Amino acid sequence: MAVAERTIGTSPPRKEDPELITGQARYTDDLTMPGMLHMVVVRSPFAHARIKGVDASKALAMDGVVAVYTGADLAADWAGPLLMAWAVSEDLKNPPHWPLTKDEARHQGDGVAVVLATSRAAAKDAAEAVEVDYEPLPVVVDMEAALADGAPLVHEDQGTNKAYTWSLKNGDVDAVFAAAPVVVKERYVIQRAIPTAIETRAVIADPSPAMGEYTLWSATQIPHIVRVAMVVATGIPESKLRVIAPRVGGGFGSKLQVYAEEALCLLVAKKLGRPVKWVEERSENYLATHHGRDQIQVAELAADEQGKIRGFRFNIMVNMGAYLMIITPGTPLLGAFVYCGCYGGDAYEVNFTGVFTNTTPTDAYRGAGRPEATYAIERIIEALARKVGKDPVEIRRLNFLPAFTEPTPMPGGLSIDSGNYDATLDQALELAGYDQLRKEQQVRRERGDTKQIGIGLSTYLEMCGLAPSRVLKALNYAAGGWDAATIRLSPTGKVQVIAGTSPHGQGHATTFAQIVADDLGIPFDDIEVITGDTTLAPLGMDTYGSRSIAIGGVAVHRAAMKIVEKTRRIAAHELEVSDEDLDYASGTFSVKGAPDRAKTVPGLAWSAWTAHDLPDGMEPGLEETAVYDAANFVFPYGAHICAVEVDTETGQVDILKYVAVDDVGVVINPQIVDGQVAGGVIQGIAEALFEEAVYSDDGQLLTASLTNYEVPAASDVPSIVIGRGPELPSTTNELGVKGVGETGTIASPPAVINAVIDALSHLGVTDVPRPASPENVWRTIRSTRGGDGR
Amino acid sequence: MDVTLSVNGVSRTASVEPRITLADVLRDELGLTGTHVGCEHGVCGACTVLLDGRSVRSCLLFAVQAAGQEVTTVEGLAAADGTLHPLQKAFHDAHGLQCGFCTPGFLMAARELLDENPSPTESEVRTWLSGNLCRCTGYQNIVDAVLLAAERMRGAP
C-alpha cells in the first residue's frame, strides 16, 4: 500500500487564502445584525481630569439616537471591573479599571460615556454633542518624574505611582560584582511602541433576550479568555455567552486584551435588548488600544579581564500607563529569565519597578518582555566587548553556553530545551559575508567617507510557548497555559480539527492540517480546521506568546495519536490479530510479516460509524480530545546580523543587508515560518529606526495618527536573508517544535542599533537613542563631536 | 441623494448623504465588504480601489465624486467564472498575505502597477506599493508575489 507523502517540512499554499484574496472573508466590521445599534465612545481629551458632569440632553434629542450612558449611569450594572490577571507581587497596586470611568479620566482617550444610535454617522454626530464638564488635574507622563516626591498621582487613593516591584535573583550577585575585575554599566531607553494592527478593533454584541443568551463577535486574539473576563465584568453566565473571533486582521499582542468596549457592547445590548456594534477608528486605536514596551533599563555585567561574564544585573523601570490591563504588570516578567541571552554566568538579578503615568496602558506587544530583555543584554555585551577590547563576535563566542541537546540550566533558573549558539552564529556570519563587510568598513573609514558602514549583531535566546501552568502559578498568573484540540472523523474519513488557539494571520489551519495529514495519512485537502469560537471549540487558551504550535500544535498531534490508538484497536479486531501485531505508518495499519493485510484510518472511520463490529465495550464514532500542558517552555535562538550605511552628515540610516538565522526547532511549513520571520524582523526594524509614541508633558499623544506614527512602508525596508541554523528539535515536546511568531521583533532591534553605533564608533559614539531616526543620529553625532546636538 | 456607479461592471445605484465616502457605500450599501477601512485618513491603503482604472483611496473619496465612473474592487479582480487574477494566484503561491486585511488594497494597487508596467523591478514594486501598509509580512513576500505575477503575465517561463 502506498505510503502518503509527508507534508511536514513542505509548504502547501495556505488553506486560509482563497477567501482573503477574493474579498470574501468576513472580519467583525463586515458583519451586521437585524436591528443593530451603533455605539460610539465619548473619550476624554485630557490626560487627567475630574468629570464634574455630563449633559447628554442635546445628543439625546438628535435623530436616530437611542441612548446615552455615562460611567455613573452604568456603575450599578457592572459585576466587576475589567480583568487584570497577573498580580505579580504582594505590593501590587491594582486600582479598579471600569469600562467607563466613574470619576476621573486618567489618560487621553479614557472612556467617559457611550452613545447608541441607529447609524454610525448619527452616533458620531451625537457623541460630539455630549457635553462633559472636565476639571483638568495635574498630569505626569514621565516615569522618573512619576516616582519623584510630590508627583501628581494617577490614582490618588493609592498614595503612590509605584505599581509594584518584582525581583528575580540567583546566586550572590553583589559579591560577584564586588569581586569582578571588569564591570560595565549602561542605561537604555526602550521607547513606547504602538502595535498598529491594520484592522482596528471591532465588537458586536448580539443578545437573545428571551433566552438570556449573548453572542459576542470581537476582533480579538483571545475569545476564550474574553468569555471568562466578560463573566467577571457583566455577570452574564459563561453558559449563556458565546464569543467568536471571526477573521481577525492582525494583533501583535494588541488584541491579547480584554477591552472596555467588549464589556460595554454586551452590557448595553443587555439593557436595550438589541444588537450593538462598535468599530474603533484609527485615531481611537492610538488612544484606546494598549501600547507596548516603554522601559528605562540600567544594565550591568560583571566579568573577568578577558570578558567572560560572571554576573548579570538589570534594574528596569516599566511604564504601566494609567491602568493595569490583563497582563500589564506581568509583561516584563515574560522576559525576566532571558536577560542572560545565550550566555552563562554565576549570578543573575533582574528587578522591575512598574510605574503608573497618565498615558494609555501598556501591555503585551509582539515579543512582550523578551525584546526588552534581548535589547539590554545584546547592547551591554557590546559595551563589555569595547571595554575588554574584543570583537563583537569574539565576546559572544567566549560567553556562549556550549552546544547541548538535553535540557540545560540557565543563569536565572529554568532549563533551556536545546541550543547550539555557535552554529547559528557561524551560519549568519557566512550569509552576511561578515569578513567582507568588515573590509568594506575599513576602506570607508580610511577614506573618511561621509557614508560609513556599521555591522551589528544580535545573538538572542527566546523563551516561548506560553506556558507551563505550574510555572504560571509560581509567577502568580491567574490562568493556566495549556491548550486543547479535538479531532473528529466523519464516516467517509474527512477530518475536522477543532483547536483552542485563535489565529489572526499565522496560518493555523494550514499548519495544523499538515500535522494531522501526516499523523493520520489523510490528504491535506480533506482536513478542515475550526478555531476562534467558544461554542465550537470550547477548550482553549488562545494565541499569543508564540504558543500556537508549541502548545496548540502538540495538542493537535496528541489528539491525532489518540485517533490512531482507537483505530488500531478496530483494525486489530477486524484483522483478528492483537494490537501489537500491527505496524502503523501514515494512516495504514498492516499485520507484521503480512503487509498486504491492512486497514486504513479513513476506512476504520466508517467502521467506527456503523459500529457493526467494534471491539467489546468500545464506543462508536471517532472523535478524540487532547489537552496539552507543557512541562517546560521552548527556547528558539539564533543570530541576526545587520549591516547599515549611515550618512554622517544627515543621520540617515539605510540597511544594506539583514541576515536572520533562527533555530525554531522542527519546521512544519517553511514558507509560513519564513513569513513570520520576515514580518517580525521588519516590525523590529521599525522600532529601531522609525516608530515612537511621543507624549507632550500634558499627556497629549502627539503621534496619534499614521501620519505621525511612522509605520514603515515597502520602500523603507529591505528584503532579508533567512537561515535556519541546525534545527535542533525541542526536547520539550514530541514534535520537536519551538515557536516563531516573535523571533524577529525580539532579535532585530539590538542588531540594528548595534550596527548604527558600530558605524559611528570611530567618532566615539557608544549609544544612540531609539528610534535611530535621522534626527536622533544626527544629534548623537553632533553632541559626540562636542557640539550641543542642536 | 442617489448616486449611480458602475461597480465591477454592474450599474449600481445607492441613496446616500453627500458626506458618505465611497468606501462606506461599497461596504454598507452595496455589500462589498472586501474593501477594508484601516485608517480613515488615507495612509494605510487598505481601502484602495480602482476608479476608471486608477487606484484611489475609497476612504478619502465621497461617493458622489465617483458618480458615473467605473469602480473596480477586489471582488471584481477574478474573472467572471471565478478564475483568479494572476496577482491573486501569486499572492496565494508566494505567501503574500498573513491576516489578509491589507491584501485587497495591495492587490488593487499592484494591479494598476502591472497594467502600467508589466516588467517592474523589485525597487519599482516597493516604491509603487509604498502607499499601502502591511503589518504582518514585512512586505518581502508581497513584493515577491507581485514580481511572480508580472512574470507569469508576461508569459515568461
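Residues numbered from 1 in each chain as written. Chains lettered and ligands numbered in written order. Predicted model: local features only at pLDDT ≥ 70, side-chain atom pairs only at ≥ 80, totals over all residues. Heavy atoms only, no water.

Along its length, chain A carries 20 helices and 28 strands. The principal-axis extents of the C-alpha atoms in chain A amount to approximately 90 × 70 × 50 Å. Residues counted as buried form 65% of the 790 residues belonging to chain A. Carbon and sulfur atoms provide 49% of the accessible area of chain A, an area that totals close to 26,400 Å². Charge separation in chain A, taken as the distance between the mean sites of 68 positive and 102 negative side-chain charges, equals 1 Å. (Helix = DSSP H or I, 4+ residues; strand = E, 2+ residues; numbered from the N terminus. Buried < 20%, exposed > 50% of the residue type's maximum accessible area, 1.4 Å probe, protein only. Areas by Shrake-Rupley, 256 points an atom, 1.4 Å probe, with all protein chains shown as cover. Lys, Arg positive; Asp, Glu negative; His and termini not counted. Charge placed at Lys NZ, Arg CZ, Asp CG, Glu CD.)

Facing 42 residues of chain B, the contacting portion of chain A comprises 53 residues. Here chain B and chain A share an interface that buries about 3,900 Å² over both sides, 56% of which is from carbon and sulfur atoms. At the surface where chain B touches chain A, the tally comes to four salt bridges. Its salt-bridge partner being A:Glu691, residue B:Arg135 comes within 2.6 Å of it at the nearest N-O pair. Here chain B is connected to chain A by 26 residue pairs in polar contact (both at pLDDT 80 or more). Secondary-structure elements contributing two or more residues to the side of chain B that touches chain A are helix H2 (86-93), helix H3 (103-116), helix H4 (122-128) and helix H5 (140-154) of chain B. With four residues, H2(B) is the single largest residue contributor to the side of chain B that touches chain A. Of the residues that constitute the side of chain B that touches chain A, the class distribution is 17 nonpolar, 17 polar and eight charged. (Contact = heavy atoms within 4.5 Å. Buried area = accessible area lost by both parts, 1.4 Å probe. Salt bridge = Lys/Arg side-chain N within 4 Å of Asp/Glu carboxyl O. Polar contact = N/O pair within 3.5 Å; in protein donor to acceptor, adjacent residues only side chain to side chain. Nonpolar A, V, L, I, M, F, W, Y, C, P; charged D, E, K, R; others polar.)

This brings us to the domain arrangement of chain A. All names here are of chain A. Under the domain assignment used here, chain A contains domain 1 (17-23 + 482-628), domain 2 (31-137 + 196-288) and domain 3 (421-461 + 634-790). Relative placement of domain 1 and domain 3: their C-alpha centres are 41 Å apart. On the side of domain 3, 15 residues touch domain 1, which itself brings 16 residues to the contact. Three residues stand out in domain 1 for area buried against domain 3, namely Gln514, Ser546 and Ile549, and they jointly supply 34% of the buried area on that side. (Domains from an automatic or database assignment.)

Note that A:His557 resides in helix H16 (residues 548-575). When neighbours within four sequence positions are excluded, A:His557 is seen to be in contact with A:Ile515, A:Asp519, A:Glu734 and A:Leu735.

With that out of the way, let us pick up the nonpolar core. Counting 220 residues, the largest nonpolar core has A:Phe314, A:Phe352, A:Tyr658 and B:Phe91 as its most contacted members. With 10 residues, helix H10 (residues 370-388) of chain A is the largest single contributor of residues to this core. Those residues in contact with B:Phe91 that sit more than four places away from it in its chain are A:Asp17, A:Ile21, B:Gly96, B:Leu97, B:Thr103, B:Phe106, B:Leu107, B:Ile142, B:Ala145 and B:Val146. (Core = buried A, V, L, I, M, F, W, Y, C linked by side-chain atoms within 4.5 Å.)

Here we take up the domain arrangement of chain B. You'll often see interface size given as the accessible area lost when the parts meet. Residues and elements named next belong to chain B. Its domain assignment divides chain B into domain 1 (2-75) and domain 2 (86-154). Taking the mean C-alpha position of each, domain 1 and domain 2 sit 21 Å from one another. Summing both partners gives a buried area of about 1,300 Å² for domain 1 against domain 2, and 58% of it is carried by carbon and sulfur. Where domain 1 meets domain 2, there are two salt bridges. For the salt bridge of Arg54 with Glu112, the shortest nitrogen-to-oxygen distance reads 2.5 Å. On the surface where domain 1 and domain 2 come into contact, there are seven residue pairs in polar contact (both at pLDDT 80 or more). Split into classes, the residues belonging to the side of domain 1 that touches domain 2 amount to seven nonpolar, nine polar and two charged.

This part is about the packing of aromatic side chains. Residue and element names in this part refer to chain A. Counting across every chain of the model gives 16 aromatic pairs over all chains. Their ring planes at 80 degrees and their centres at 5.8 Å tell us that Tyr188 and Tyr375 sit as a pair that is edge-to-face. Taken together, the residues span a long stretch of sequence, with Tyr188 in strand E8 (residues 182-193) and Tyr375 in helix H10 at a distance of 187 residues. Among the residues examined, Tyr188 registers a relative accessible area of 2% and is labelled buried. Judged by its relative accessible area of 1%, Tyr375 falls in the buried class. Between Tyr343 and Phe400, the aromatic rings sit 5.9 Å apart at their centres with planes inclined by 10 degrees, giving stacked as the arrangement. One end of the pair, Tyr343, is in the loop between strand E14 (309-321) and strand E15 (347-356); the other, Phe400, is in the loop between helix H11 (392-399) and strand E16 (408-409), with 57 residues separating them in the sequence. Judged on exposure class, the residue Tyr343 and its partner Phe400 are both buried. One aromatic cluster is present, built from ring pairs that chain together Tyr343, Phe400, Phe404, Tyr421 and Tyr637. Lying across the ring of Phe177, Arg313 places its NZ or CZ 4.1 Å from the centre. Seen from the ring of Tyr375, Arg770 lies directly overhead, with NZ or CZ sitting 4.4 Å from the centre. (Phe/Tyr/Trp six-rings, centres within 6.5 Å; stacked < 30°, edge-to-face > 60°. Lys NZ or Arg CZ within 6 Å of the ring centre and 35° of its normal.)

Looking now at the pattern of salt bridges. Residue and element names in this part refer to chain A. In total, this model carries 60 salt bridges over all chains according to the counting rule given. A salt bridge links Arg227 to Glu238, with the shortest nitrogen-to-oxygen separation between them at 3.8 Å. In this pair, Arg227 sits in helix H7 (residues 223-234) while Glu238 sits in the loop between H7 and strand E11 (241-244), placing the two residues 11 residues apart along the sequence.

Residue and element names in this part refer to chain A. Running from N to C, H16 and helix H17 (residues 601-610) point in directions that differ by 75 degrees, and their axes come no closer than 10 Å. As judged from the angle between their axes, H16 and H17 are roughly perpendicular. Touching Ile563, Thr567, Ile570, Ala571 and Glu574 of H16 are Val601, Leu604, Ser607 and Ala608, all from H17. Of the residues in the contact of H16 with H17, the class split is six nonpolar, two polar and one charged. (Axes fitted to C-alpha atoms, helices over the stretch in contact; angles between N-to-C directions. Parallel < 35°, antiparallel > 145°, perpendicular 65-115°, else oblique.)

Next up on the list: the sheet that holds strand E18 (residues 451-461) of chain A. Residue and element names in this part refer to chain A. The sheet built from four strands is open, its strands ordered E18-E26-E27-E28 with mixed pairing. Looking at strand neighbours, the two that pair on one side only are E18 and strand E28 (721-723), the edges of this open sheet. Direction aside, the axes of adjacent strands within the sheet are offset by 10 degrees on average. In the sheet, strand E26 (residues 637-647) pairs with strand E27 (residues 653-663) via 10 bridges, with the strands oriented antiparallel. Across the sheet, Ile641 pairs through a bridge with Val659, a residue of E27. This element, helix H19 (residues 743-760), spans E18, E26 and E27 of the sheet and lies at about 145 degrees to E18. (Pairing = 2+ DSSP bridges.)

With that settled, the discussion passes to unusual backbone geometry. All names here are of chain A. Following Leu466, the chain continues to Ala467 via a peptide bond in cis, the omega torsion being -10 degrees. Looking at the element boundaries, Ala467 is found in the loop between E18 and helix H14 (469-474). Backbone torsion omega between Arg770 and Pro771 reads -5 degrees, so that peptide bond is classified as cis. Its location among the elements puts Pro771 in the loop between H19 and helix H20 (774-784). The phi angle at Glu576 is positive, at roughly 60 degrees, despite the residue not being glycine. Note on placement: Glu576 falls in the loop between H16 and strand E22 (582-585).

All names here are of chain A. Strand E9 (residues 202-208) sits mainly inside the fold: five of its seven residues count as buried. One ladder, built from four bridges, connects E9 with strand E12 (residues 276-279); its direction is antiparallel. Following the sheet pairing, Ile204 is matched in E12 by Lys277. As defined by bridge partners, E9 adjoins strand E10 (residues 213-218) across six bridges and the pair is classed as antiparallel. Its bridge partner lying in E10, Asp206 is registered against Thr215. A loop of four residues connects E9 with E10, the two strands running antiparallel in sequence, and Gly212 in this loop sits at a positive phi of about 65 degrees.

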